[in-house]
Number of protein chains: 2
Amino acid sequence: MTARRGDLLDPSCPTRQLLDRIGSKWVSMLFLALGAEDEVRFAELRRRAPGISSKVLADTLRVLERDGFVSRRVEPTVPPAVHYGLTPLGRSLAAPLAVLRDWAETHMADVDDARSAYDTRAPVGTPKSML
Amino acid sequence: MTARRGDLLDPSCPTRQLLDRIGSKWVSMLFLALGAEDEVRFAELRRRAPGISSKVLADTLRVLERDGFVSRRVEPTVPPAVHYGLTPLGRSLAAPLAVLRDWAETHMADVDDARSAYDTRAPVGTPKSML
DNA sequence: CTGCATCCCAGCTGATACTG
DNA sequence: CAGTATCAGCTGGGATGCAG
């Protein structure tokens, strides 16, 4: 049907774009953090994503808002209060993410074992990248 | 169950590691290419992943082999013939990947629309005075 | 409180050339 | 054919400082 083989290298390939998003460092964690409640404020998100800088958090949220995954509501108080939440589209991504998490928690131990075995067989020469 | 919130920033978090893998540029395409048959040779993989360099292909395959996703079988002929295939573990990842692909093909059009709408609302370079 | 402007750096990715 | 060696570039992510 759709998906010819070469699709995934087209930058416009839907799957490619989705993988780029959810593979981004903080995105999956923000989905978790936002999924817990209806709305979460900026500072609270920072707390739930320990280590993120405000720049990266703002950047990531803007990208997700642009994608339609995240809603942004500003209360025009002083100082301002900004509330973020998942849109229906964003919530619809929860299922695929849960499938990934389940697979990971079920099988990544096998991956660890495979790595140990591989490293025992080939102690030197493993590329440092992609580890 | 497990998954405390902070898990996803731990480099050892299973989900984090899985996302890093499948988000890598050529991995999902190689899974597609390898899933079609039992075994595929190096040069054939290059053909099925147009644009990949032999270095990147070799690196990626080695990482996937180390993870236990991919098997590697060398025929000691001259010149050598190397056959790659998916292990059972690698094949078990097909389902999660299919879920992602399905979601992407169903919903990424909505994301495109959201982006267009966002870009219309916030064109580049709009003076703040006009907001 | 929120988040933009800058500057900066690591490492993923790629181009090219070479070898058993 | 199936890689390895080397070098270069870009982009994502981060530190810091400032502003509305």
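Residues numbered from 1 in each chain as written. Chains lettered and ligands numbered in written order. Predicted model: local features only at pLDDT ≥ 70, side-chain atom pairs only at ≥ 80, totals over all residues. Heavy atoms only, no water.

Caption draft 1: Spatial organisation of the environment of A:Leu89. Relative to the helices and strands, A:Leu89 is located in helix α5 (residues 88-92). Along the primary structure A:Leu89 and A:Val27 are separated by 62 residues, whereas in three dimensions their C-alpha atoms are 15 Å apart. (Helix = DSSP H or I, 4+ residues; strand = E, 2+ residues; numbered from the N terminus.)

Caption draft 2: How the structure looks around the relation of the copies chain B and chain A. With an RMSD of 0.1 Å, the operation that places chain B on chain A is a rotation of 180° combined with a shift of 0.0 Å along the axis. The superposition of one copy onto the other is thereby described by a two-fold rotation axis. In terms of proximity to the rotation axis, the leading residue of chain B is B:Gly23, whose C-alpha is 2.5 Å off the axis. Mapped onto chain A, 94% of the interface residues of chain B again fall at the interface, so both copies present the same surface. (Least-squares fit on C-alpha atoms with pLDDT ≥ 70 in both. Contact = heavy atoms within 4.5 Å.)

Caption draft 3: Seen up close, the interface of chain B and chain A. At the junction of the two partners, chain B supplies 54 residues and chain A supplies 57 residues. For the pair chain B and chain A, the summed buried area comes to about 5,300 Å², and 67% of that belongs to carbon and sulfur atoms. There are 4 salt bridges connecting chain B and chain A. We note a salt bridge from A:Asp67 to B:Arg115, for which the minimum N-O separation is 2.7 Å. Counting every contact that joins chain B to chain A gives 14 residue pairs in polar contact (both at pLDDT 80 or more). When residues of the side of chain B that touches chain A are traced back to their parent elements, those giving at least two are α1 (14-23), α2 (27-35), α4 (54-67), α5 (88-92) and α6 (94-121) of chain B. With 16 residues, the top contributor of residues to the side of chain B that touches chain A is α6(B). Class assignment for the residues of the side of chain B that touches chain A results in 27 nonpolar, 10 polar and 17 charged. (Buried area = accessible area lost by both parts, 1.4 Å probe. Salt bridge = Lys/Arg side-chain N within 4 Å of Asp/Glu carboxyl O. Polar contact = N/O pair within 3.5 Å; in protein donor to acceptor, adjacent residues only side chain to side chain. Nonpolar A, V, L, I, M, F, W, Y, C, P; charged D, E, K, R; others polar.)

Caption draft 4: Fine view of the packing of aromatic side chains. Inspection of every chain in the model, using the stated rule, returns 4 aromatic pairs over all chains. Consider the rings of B:Phe31 and B:Phe69, whose centres lie 5.8 Å apart with planes at 65°: the pair is edge-to-face. Remark: B:Phe69 occurs in the loop between α4 and β2 (70-75) and B:Phe31 occurs in helix α2; sequence separation between them is 38 residues. A residue is classified by how much of its surface remains accessible, and B:Phe69, at 2% relative accessible area, is buried. An aromatic cluster is defined as three or more aromatic residues linked by ring pairs; in this entry it consists of A:Phe31, A:Phe69 and B:Trp103. (Phe/Tyr/Trp six-rings, centres within 6.5 Å; stacked < 30°, edge-to-face > 60°. Buried < 20%, exposed > 50% of the residue type's maximum accessible area, 1.4 Å probe, protein only.)

Caption draft 5: Focus on the nonpolar core. Core analysis: the biggest nonpolar cluster contains 64 residues, and A:Leu45, A:Phe69, B:Leu45 and B:Phe69 have the highest contact counts within it. When residues no more than four places from it in sequence are discounted, the contact partners of A:Leu45 are A:Leu30, A:Ala33, A:Leu34, A:Val40, A:Leu57, A:Leu61 and A:Tyr84. (Core = buried A, V, L, I, M, F, W, Y, C linked by side-chain atoms within 4.5 Å.)

Caption draft 6: Region of the structure containing the sheet that holds strand β3 (residues 81-86) of chain A. All names here are of chain A. With respect to topology, 3 strands assemble into an open sheet ordered β1-β3-β2, the strand pairing being antiparallel. Edge positions in the open sheet fall to β1 (40-41) and β2 (70-75), since each of these has one partner strand only. Bridge count for β2 against β3 is 6 bridges, and the pairing is antiparallel. Looking across to β3, one finds that Arg73 is bridged to His83. Strands in contact with helix α2 (residues 27-35) are β1, β2 and β3; relative to β3, the strand with the most contacts, it is inclined by about 100°. (Pairing = 2+ DSSP bridges. Axes fitted to C-alpha atoms, helices over the stretch in contact; angles between N-to-C directions.)

Caption draft 7: Quick look at the packing of helix α4 (residues 54-67) of chain A against α6(B). Where α4(A) meets α6(B), the closest approach of the two axes is 6 Å, and the angle between their N-to-C directions is 110°. As judged from the angle between their axes, α4(A) and α6(B) are roughly perpendicular. Residues A:Arg62, A:Glu65, A:Arg66 and A:Asp67 of α4(A) touch α6(B), and the partners they reach there are B:Val111, B:Ala114, B:Arg115, B:Tyr118 and B:Asp119. Of the residues assigned to the contact of α4(A) with α6(B), the class counts are 3 nonpolar, no polar and 6 charged. (Parallel < 35°, antiparallel > 145°, perpendicular 65-115°, else oblique.)

Caption draft 8: Up close: the pattern of salt bridges. Inspection of every chain in the model, using the stated rule, returns 25 salt bridges over all chains. Where B:Asp67 meets B:Arg21, a salt bridge forms, and the shortest distance between an N and an O atom there is 2.4 Å. Linking B:Asp67 in helix α4 with B:Arg21 in helix α1, this pair joins segments that are 46 residues apart in sequence. A residue is classified by how much of its surface remains accessible, and B:Asp67, at 0% relative accessible area, is buried. Note that B:Glu75 and B:Arg73 form a salt bridge whose closest N and O atoms lie 3.6 Å from each other. Connected through salt bridges with shared partners, the residues A:Arg21, A:Asp67, B:Asp112 and B:Arg115 form a single ionic network.

Bear in mind that shape data such as this cannot, by itself, settle questions of function.
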